[in-house]
Amino acid sequence: MDFFSKAARKSPWLYRINAGSCNGCDVELATTACIPRYDVERLGCQYCGSPKHADIVLITGPLTARVKDKVLRVYNEIPDPKVTVAVGICPISGGVFRESYAIEGPIDRYLPVDVNVPGCPPRPQAIIEGIAKAIEIWAKRA
Amino acid sequence: MTTDTLRTLLTVLVFPGGLFAMALGLALKGVERRAIARLQRRVGPPLIQPFYDLIKLMRKRTLIPDTANAFVFLAVPVAGLASMAVAASMIPIPGFYEPSTGLGNLIVLFYLISIPAVSLMLAGSASGSPYGAIGFSREMAIVLAYEGPILLSLVAVALHAGAVTGQPILLSLTEIVRYQQEHGAFLFDPWMWPALLTYLCFIPANLGIAPFDIPEAESEVLEGPLVEYSGPPLGLMKLMSVTKSVVVLGLGIALFFPNGPAGLAGLFIFLAKCLVLVLAVSVLKAAVGRMRIDQAVLFYLKWPELLGFAGLALVIARF
Amino acid sequence: MLLKNALFLVAGCILAQAHINSLDELGGLGRKMPVTFAVFLFAGMSLAGIPPLNGFGSKLMIYEAAFEGGHYMLGLSALMSSLFTLAAILKFAHTAFMGQLSERASKMTEAPMVMLAPMLLLVGASIAVGLFPGLLLVPIAHLQTGLGLEPVQASWLGGLPGVSSYNPLVMTVALVATGLIGWLYYRLSGSRHVTSYIHTGGGVMIPNARMHLPASALYETPERLIRLALRDKPQVQDPQTESHAHDH
Ligand code: SF4
């Protein structure tokens with residue numbers, strides 16, 4: 001068992017869900033935090049195209065009413081064990097969209113969030129630290 | 001009979017098929033990922049990252065879609081992996097290992113190499129996902145396109161080897177390798193270069209390497225046939241594709257440049273050649289983007305096909 | 001022979017269950033008619049020449065004979081044609097047996113035993129001949145000696161005659177043995193199987209029929225590819241006229 005979690009700790013695969021974000025956080029995730037300059041692959045991470053391959057899911061955005069069911073559906077497609085990271089201030093409180101009629105968030109009403117990475121958008125270093133925290137949790141669960 | 005069978009089983013299961021080929025494939029994959037990271041000026045994952053991935057995937061749940069054909073869905077990765085393990089045991093390592101004869105010759109190997117593609121297609125189709133079906137369709141299109149050139153290349157080599165040894169055609173890989181050991185590699189024979197180039201063109205398409213990784217494109221069709229796979233079946237699929245890379249590279253080495261010293265040194269020379277090829281492949285992968293499926297298919301129908309015919313014509317014209 | 005007949009019987013089974021006239025009306029039959037599907041897959045793969053099934057052995061002998069006799073182009077085109085067989089078989093397998101259940105298919109059931117038995121018999125026979133080519137070759141050799149001809153080399157457990165020394169029995173044993181590696185990986189992982197739904201990017205209200213790729217949407221036919229390669233303008237049907245034709 002210990003052997004497995006040691007290996008699992010070295011191989012967390014990432015998947016991004018956009019829950020109605022303004023794309024700011026997504027840009028940070030996709031093009032800043034996880035590309036050559038700040039390399040997450042050195043932690044063993046790898047972006048996957050399909051949610052069914054993922055271990056750590058990064059959710060951005062305030063969970064709009066329109067997208068809620070879809071986000072929950074995709075979230076359920078990720079096989080257990082998994083770890084959830086909420087990126088940006090939006091999933092925590094709604095951020096700039098707070099108190100809008102179109103917002104269903106905060107996201108932890110619907111999903112178990114393990115790590116919050118606040119910021120609007122958060123710095124790449126913060127995102128990587130969030131992923132590192134998530135890896136700790138993931139190693140315990142695997 | 002029995003000792004012979006046991007020896008065959010051992011070569012298929014442990015060395016150089018089975019476990020050895022899988023481990024080598026995983027290690028080469030690690031090298032490839034690291035090399036690409038270095039080309040992009042990053043640190044990259046540890047060299048044994050693919051091993052971690054494989055062990056990690058054992059811990060995940062196996063999701064089976066309700067629209068899937070569960071048996072086919074779970075069986076095709078096993079079948080693909082088995083075919084690749086057997087194929088790996090059919091590739092001679094000069095001076096070190098000769099495959100057993102009961103498994104057959106170059107044509108059998110050619111058919112075995114096409115099995116992973118078939119299992120990928122069946123996988124995409126059996127998952128019941130539209131993405132999987134698109135992946136299946138693209139895989140089939142590209143297989144139809146690259147199979148012609150590779151055949152021409154293989155036949156050119158076999159005919160050439162046959163002509164120089166005084167037979168109509170030489171289909172035994174062991175003897176092709178033995179001839180080259182004695183008379184110099186085909187790599188240094190300009191008459192064989194078209195066939196060699198054709199084989200080189202075939203490598204990226206078969207291994208799903210950019211710019212021809214269209215069936216498994218992760219951003220367009222969500223990894224195509226693999227979209228519904230998770231946990232252990234996904235691990236087997238990855239294992240299958242890395243073992244395939246060993247087989248395809250190894251076959252290339254055996255056909256065109258098998259020369260090496262006898263004994264353990266021969267094995268190391270073989271490994272070094274694999275390493276060089278993988279580094280070349282990762283440069284390609286890091287350097288180019290992805291083609292569209294119709295561009296890739298047309299590319300294969302034109303240039304490698306022409307090259308293949310040229311290679312064959314040269315061989316026939318020469319003798 | 002055995003395989004073609006089995007395939008005909010499969011088609012018969014499907015037709016007996018539903019009188020359809022287009023493949024596109026089917027889909028997901030594999031879950032409704034598992035035995036028929038298994039027979040189809042076996043016969044189809046064997047026809048396409050997937051080793052170690054028995055269609056491969058006969059193909060191998062043909063190729064070798066062609067190359068030995070100096071008919072390279074014949075051998076090459078035979079090799080390519082088995083690929084097209086594969087494409088056709090897979091297309092059929094996908095549209096009829098895999099994927100989403102179509103409206104027609106959801107009402108169908110497994111064929112009755114009288115229809116299954118002959119298919120299974122044919123498959124059994126072809127497995128036997130595939131594994132032990134000696135079953136047919138030894139009697140043939142006897143006949144040949146009886147007629148004063150030079151007999152083919154054959155023994156009960158031996159491989160195929162010819163230069164290759166390919167032995168289907170050895171190949172099968174090897175494949176099964178390596179298949180055990182994969183099986184072991186499954187067993188060691190002890191991963192729990194969970195039924196899920198397919199990934200649609202979150203979309204929920206897509207009808208089944210829209211999710212199934214029909215045969216006409218799969219890879220292009222070789223003819224169209226050749227046209228493309230020759231820069232001939234592909235004949236694209238106007239979707240409007242096509243739907244019109246459907247209505248009538
Ligand atoms: S946190 Fe800021 S940057 Fe991120 S999605 Fe919300 S508004 Fe956009």
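Residues numbered from 1 in each chain as written. Chains lettered and ligands numbered in written order. Predicted model: local features only at pLDDT ≥ 70, side-chain atom pairs only at ≥ 80, totals over all residues. Heavy atoms only, no water.

Some words on the overall build of chain B
From N to C terminus, chain B includes 11 helices and one strand. If you list the helices and strands of chain B from N to C, you get α-α-α-β-α-α-α-α-α-α-α-α. Relative to the globule expectation of 20 Å for 319 residues, the C-alpha radius of gyration of chain B, 19 Å, shows essentially globular dimensions. Summarising its shape, the C-alpha atoms of chain B cover approximately 60 × 45 × 40 Å along the three principal directions. The buried share among the 319 residues of chain B stands at 65%. In chain B, 79% of the contacts between residues at least 6 apart in sequence involve partners at least 24 apart. If you sum the accessible surface of chain B, you get close to 10,300 Å²; carbon and sulfur atoms cover 69% of it. (Helix = DSSP H or I, 4+ residues; strand = E, 2+ residues; numbered from the N terminus. Rg over C-alpha atoms; globule rule 2.2 N^0.38 Å. Buried < 20%, exposed > 50% of the residue type's maximum accessible area, 1.4 Å probe, protein only. Contact = heavy atoms within 4.5 Å. Areas by Shrake-Rupley, 256 points an atom, 1.4 Å probe, with all protein chains shown as cover.)

Things to note about the interface of chain C and chain B
Each partner contributes residues to the interface: chain C has 70 residues there, and chain B has 83 residues. The junction of chain C with chain B conceals about 6,400 Å² of combined surface from both sides, 76% of it contributed by carbon and sulfur atoms. Inspection of the chain C/chain B interface yields two residue pairs in polar contact (both at pLDDT 80 or more). Mapped onto the side of chain C that touches chain B, the elements with two or more residues apiece are helix H2 (29-32), helix H3 (34-47), helix H4 (54-68), helix H5 (72-97), helix H9 (168-189), strand S1 (193-196) and helix H11 (222-229) of chain C. No other element matches the 15 residues that H9(C) contributes to the side of chain C that touches chain B. Tallied by class, the residues present in the side of chain C that touches chain B amount to 44 nonpolar, 19 polar and seven charged. The pairing of strand S1 (residues 62-65) of chain B with S1(C) spans four bridges and is classified as parallel. Paired with B:Pro65 across the bridge in S1(C) is C:Ser196. (Buried area = accessible area lost by both parts, 1.4 Å probe. Polar contact = N/O pair within 3.5 Å; in protein donor to acceptor, adjacent residues only side chain to side chain. Nonpolar A, V, L, I, M, F, W, Y, C, P; charged D, E, K, R; others polar. Pairing = 2+ DSSP bridges.)

Focus on the sheet that holds strand S1 (residues 13-18) of chain A
Residues and elements named next belong to chain A. Reading across the sheet, the five strands line up as S2-S1-S3-S4-S5 and stay open at both edges, with parallel pairing between neighbours. Each having just a single partner strand, strand S2 (46-47) and strand S5 (115-117) make up the two edges of the open sheet. The strands touched by helix H3 (residues 68-76) within the sheet are S1, strand S3 (56-60) and strand S4 (83-87), with S1 carrying the most contacts at an inclination of about 165 degrees. (Axes fitted to C-alpha atoms, helices over the stretch in contact; angles between N-to-C directions.)

Quick notes on unusual backbone geometry
Note the cis peptide between A:Cys120 and A:Pro121, where omega equals -10 degrees. Among the structural elements, A:Pro121 can be located in the loop between S5 and helix H5 (124-141). Look at B:Arg41: it is not a glycine, yet its phi comes out positive at around 65 degrees. Summarising the element assignment, B:Arg41 is placed in the loop between helix H2 (18-39) and helix H3 (49-58).

Comments concerning the site of the ligand
Around the ligand, the neighbouring residues are A:Ser21, A:Cys22, A:Gly24, A:Cys25, A:Gly88, A:Ile89, A:Cys90, A:Val96, A:Phe97, A:Gly119, A:Cys120 and A:Pro121. Partitioning the shell around the ligand into residue classes produces eight nonpolar, four polar and no charged. (Near = heavy atom within 4 Å.)

Here we look at the confidence of the model for chain B
Confidence in the prediction for chain B averages 80 pLDDT; 95% of positions are at 70 or higher. For this predicted complex, the interface score ipTM comes out at 0.79, while the overall pTM is 0.82. (pLDDT = per-residue confidence, 0-100.)

Thoughts on the pattern of salt bridges
Within this structure, the stated rule accounts for seven salt bridges over all chains. In this structure, B:Glu228 engages A:Lys52 in a salt bridge whose closest nitrogen and oxygen atoms are separated by 2.5 Å. Taken together, the residues B:Glu228 in the loop between helix H8 (193-207) and helix H9 (231-256) and A:Lys52 in the loop between S2 and S3 connect one chain to another. The class for A:Lys52 is buried, based on a relative accessible area of 1%. The residue B:Glu32 makes a salt bridge to B:Lys285 at a minimum N-O spacing of 2.7 Å. Taken together, the residues B:Glu32 in helix H2 and B:Lys285 in helix H10 (residues 264-287) connect sequence positions 253 residues apart. For B:Glu32, a relative accessible area of 9% puts it in the buried group. A relative accessible area of 25% means that B:Lys285 is categorised as partly exposed. Each of the salt bridges in this network shares a partner with another, and the network as a whole consists of A:Asp55, B:Lys56 and B:Lys60. (Salt bridge = Lys/Arg side-chain N within 4 Å of Asp/Glu carboxyl O.)

As for the packing of helix H6 (residues 130-165) of chain B against H8(B)
Residues and elements named next belong to chain B. Between H6 and H8, the shortest axis-to-axis distance is 9 Å and the interhelical angle comes to 140 degrees. Note that H6 runs across H8; the crossing there is left-handed. Two secondary-structure elements touch here, H6 through Tyr146, Pro149, Ile150, Ser153, Leu154 and Ala156 and H8 through Ala195, Thr198, Tyr199, Phe202, Ala205 and Asn206. For the contact of H6 with H8, the per-class residue count stands at nine nonpolar, three polar and no charged. (Left-handed = near helix turned anticlockwise from the far one by under 90°.)

With respect to a nonpolar patch on the surface
Residues and elements named next belong to chain C. There is a patch of nonpolar side chains on the surface, built from Leu180, Trp183, Leu184 and Leu188 and spanning about 430 Å² of accessible area. Along the chain, Leu188 turns up in helix H9. For Leu188, a relative accessible area of 60% gives the class exposed. (Patch = residues over 30% accessible without salt bridge, like charges linked within 9 Å, V, L, I, M, F, W, Y side chains within 5 Å.)

A word on the packing of aromatic side chains
For the structure shown, the criterion picks out five aromatic pairs over all chains. Site record: aromatic cluster; members linked through ring pairs are B:Tyr146, B:Tyr199, B:Phe202 and B:Phe256. A cation over an aromatic ring shows up here: A:Arg16 above the ring of A:Tyr47, its NZ or CZ 4.8 Å from the ring centre. A cation sits over an aromatic face here: B:Lys273 above B:Phe257, 4.5 Å from the ring centre. (Phe/Tyr/Trp six-rings, centres within 6.5 Å; stacked < 30°, edge-to-face > 60°. Lys NZ or Arg CZ within 6 Å of the ring centre and 35° of its normal.)

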